[in-house]
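An overview of the molecular structure
Read off the chains here:
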Amino acid sequence: MRKNFWLVKSEPDDYSFEQLRKDGSIGWTGVRNYQARNYMRDQMKLGDGVLFYHSNAEPPAIMGIAEVSKESHPDPTQFDSKSDYYDAKSKKDSPTWMMVDIKFVEAFKRPLTLPELKKAKGLEKMLLLRKGQRLSVMPVSSEEWKRVLALAGNEA
DNA sequence: GCCAACGTTGGC
DNA sequence: GCCAACGTTGGC
């Protein structure tokens, strides 16, 4: 089975890659965008590679690698009235919001910053670099995956 | 179904 | 803190 590749964004003040390293794995809760949900629900498979990106960070950067450790399941925060992510319209028998779990794989020796990614050859089409691209979960091509790992010095 | 108003994301 | 680029909402 062919692996697919993804990039997830997180604000480090909210949930950092360092925290994922400590936690080992985490349920990727709180995604409230339909396109991002559809990727998680329909396409993210066990073992898929995940680039972990810090947004709203100084500097914004890809920090390292995670992988999908549990496929699509309902995001419990949508049913929690105390959660910021509560969705009163979502029904338990047909949840609106799905999530995957991801687990820590390895940190880059050196974070790959946004300015470096913009300068890099071969990443011109990367969705992350597209103007106005605000998806918190987005696909990465296998070529881009290889290129990013090579730039980070983390080739297998 | 259109689209203006509003809210959010995220780089800078 | 600013603001461009979205996505969502809701009146009509």
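Remember, it's a predicted structure, so these values are computed and weren't measured experimentally.

Considering the protein's contact with DNA strand B
- Around DNA strand B, the surrounding shell consists of K9, Y53, S55, N56, P60, L114, K118, R134 and L135.
- Counting only atoms of DNA strand B within 4 Å of the protein, the sugar-phosphate share comes to 71%.
- K118 has a polar side-chain atom sitting 2.5 Å from a phosphate oxygen of DNA strand B.
- Classifying every residue of the surface near DNA strand B gives four nonpolar, two polar and three charged.

Considering the protein's contact with DNA strand C
- As a matter of local geometry, DNA strand C sits amid Y34, K131, G132 and R134.
- If you look at DNA strand C and keep only atoms within 4 Å of the protein, 62% of those are sugar or phosphate atoms.
- R134 has a polar side-chain atom sitting 2.6 Å from a base oxygen of DNA strand C.
- Here the residues of the surface near DNA strand C are counted per class, giving one nonpolar, one polar and two charged.

Some details on the layout of surface pockets
- Computed from the structure, the largest pocket encloses a volume of approximately 390 Å³.
- Elements supplying a minimum of two residues to the lining of the largest pocket: strand 1 (5–10) and strand 2 (25–27).
- A class-by-class count of the residues in the lining of the largest pocket yields five nonpolar, seven polar and four charged.
- If you add up the space inside the second largest pocket, you get close to 150 Å³.
- Taken together, K9, Y53, S55, P60, L114, K118, L128, L129, R130 and Q133 make up the lining of the second largest pocket.

Quick notes on the sheet that holds strand 5 (residues 98–113)
- Taken in spatial order, the six strands line up as 2-5-4-3-1-6 in an open sheet, and their pairing is mixed. For this open sheet the edge positions go to strand 2 and strand 6 (137–140), each flanked by a neighbour on one side alone. Each adjacent strand pair in this sheet contributes to an overall mean axis angle of 35°, direction not counted.
- Alignment of strand 2 against strand 5, held across three bridges, turns out to be antiparallel. What sits directly across from I26, in strand 5, is I102.

Conventions adopted
- Residues numbered from 1 in each chain as written.
- Chains lettered and ligands numbered in written order.
- Predicted model: local features only at pLDDT ≥ 70, side-chain atom pairs only at ≥ 80, totals over all residues.
- Heavy atoms only, no water.
- Near = heavy atom within 4 Å.
- Polar contact = N/O pair within 3.5 Å; in protein donor to acceptor, adjacent residues only side chain to side chain.
- Nonpolar A, V, L, I, M, F, W, Y, C, P; charged D, E, K, R; others polar.
- 1 Å grid on protein atoms, 1.4 Å probe; cavity = no way out; pocket = protein on both sides within 12 Å on 5 of 7 lines; lining within 4 Å.
- Points joined across faces, edges and corners; volume = space filled by probe spheres on them.
- Helix = DSSP H or I, 4+ residues; strand = E, 2+ residues; numbered from the N terminus.
- Pairing = 2+ DSSP bridges.
- Axes fitted to C-alpha atoms, helices over the stretch in contact; angles between N-to-C directions.

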